[in-house]
Amino acid sequence: MSLALAPLDLNVELEANLPCRKFDPDLWFSESPPELEVAKSLCGDCPLRVECLAGAVERAEPWGVWGGEIFERGAVVPRKRPRGRPRKEDVARDATLRVEAEARLEATGLARRDAVRLAA
């Protein structure tokens, strides 16, 4: 069975409490790293977070926030970096965040799939 087509919990009213339906959809596709972090945090309590993430992994979404994770060029990234050369402390922080992103993917059972790529 395809994860993108996994059966949904019929007790969830689809349009009711989905943050991506209540807030501006452009927030999930912003170029601004702080706005993407806001979108990630809004996904935290979403009843469809796991299904959304599984579908995005399967489709290798090119960009945006899906299931509480940031996708860039079809890979999960721990955070979106601003333009320009990264500072040394940002590179160290990215390594820590990459480990946290891997742990979140493992918790949802998606890390073992070949389709999941974490950006370096």
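In what follows, the structure referred to is the one given above.
It should be emphasised that the depicted structure is a prediction, and the values quoted were computed from it without experimental measurement.

Topic: the overall build of the protein chain
Next up, step 1: Counting its secondary structure elements, the protein chain contains 4 helices and 3 strands.
Next up, step 2: Partitioning the intrachain contacts of the protein chain with sequence separation of at least 6 by distance along the chain shows that 48% fall at a separation of at least 24.

Points about the pattern of salt bridges
Side-chain pairs of opposite charge can arise whenever the charged atoms involved come near each other.
Next up, step 1: Using the criterion set out here, one finds 3 salt bridges in the structure.
Next up, step 2: One salt bridge connects K40 with E37, and the closest N-O pair in it is separated by 3.8 Å. Of this pair, K40 and E37 both sit in helix α2 (residues 33-43), separated by 3 residues, roughly a single helical turn.
Next up, step 3: On the basis of relative accessibility, which here comes to 14%, the residue K40 falls in the buried class.
Next up, step 4: Judged by its relative accessible area of 34%, E37 falls in the partly exposed class.
Next up, step 5: Among the salt bridges present, the one from R73 reaches E72, with a minimum N-O distance of 3.8 Å.
Next up, step 6: The exposure class assigned to R73 is exposed, which follows from its relative accessible area of 69%.

Some thoughts on the pairing of strand β1 (residues 63-66)
Next up, step 1: Pairing analysis gives 4 bridges linking β1 to strand β2 (residues 69-72), with the strands arranged antiparallel. Bridged to W63 within β2 is E72.
Next up, step 2: The turn linking β1 back onto β2 is made up of 2 residues, and G67 within it adopts a positive phi angle of 60 degrees.

Topic: the nonpolar core
Next up, step 1: Listed in full, the 8 residues of the largest apolar core are L27, W28, L36, A39, C43, V65, I70 and V77.
Next up, step 2: For this core, the leading source of residues is α2, giving 3 residues.

Observations concerning helix α4 (residues 88-107)
Since the α-helix turns once every 3.6 residues, residues separated by three or four places project in the same direction.
Next up, step 1: Between its first and last C-alpha atoms α4 spans 29 Å; for 20 residues at 1.5 Å apiece the expected length is 28 Å, and the two agree.
Next up, step 2: Within α4, burial applies to D90, D94, A101 and L105. Looking straight down α4, one finds its buried side chains confined to an arc of 55 degrees; they lie on one side. In α4, the exposed positions that point more than 90 degrees away from the buried face belong to K88, V99 and A107.
Next up, step 3: The inward-facing, buried residues of α4 contact α3 (49-59), β2 and β3 (75-77).
Next up, step 4: Residue G109 follows α4 closely and has a positive phi angle near 80 degrees.

Considering α3
Next up, step 1: Taken as a whole, α3 has its buried residues at L53, A54, G55, A56 and V57.
Next up, step 2: Each element contacted by the buried residues of α3 is listed here: β1, β2 and α4.
Next up, step 3: Among the residues trailing α3, A60 stands out with phi positive, at a value near 50 degrees.

Basis of the calculations
Residues numbered from 1 in each chain as written. Predicted model: local features only at pLDDT ≥ 70, side-chain atom pairs only at ≥ 80, totals over all residues. Heavy atoms only, no water. Helix = DSSP H or I, 4+ residues; strand = E, 2+ residues; numbered from the N terminus. Contact = heavy atoms within 4.5 Å. Salt bridge = Lys/Arg side-chain N within 4 Å of Asp/Glu carboxyl O. Buried < 20%, exposed > 50% of the residue type's maximum accessible area, 1.4 Å probe, protein only. Pairing = 2+ DSSP bridges. Core = buried A, V, L, I, M, F, W, Y, C linked by side-chain atoms within 4.5 Å. Expected span 1.5 Å × (residues − 1). Arc of directions from axis to C-beta.

Everything listed is a geometric property; what it means functionally is a separate question.
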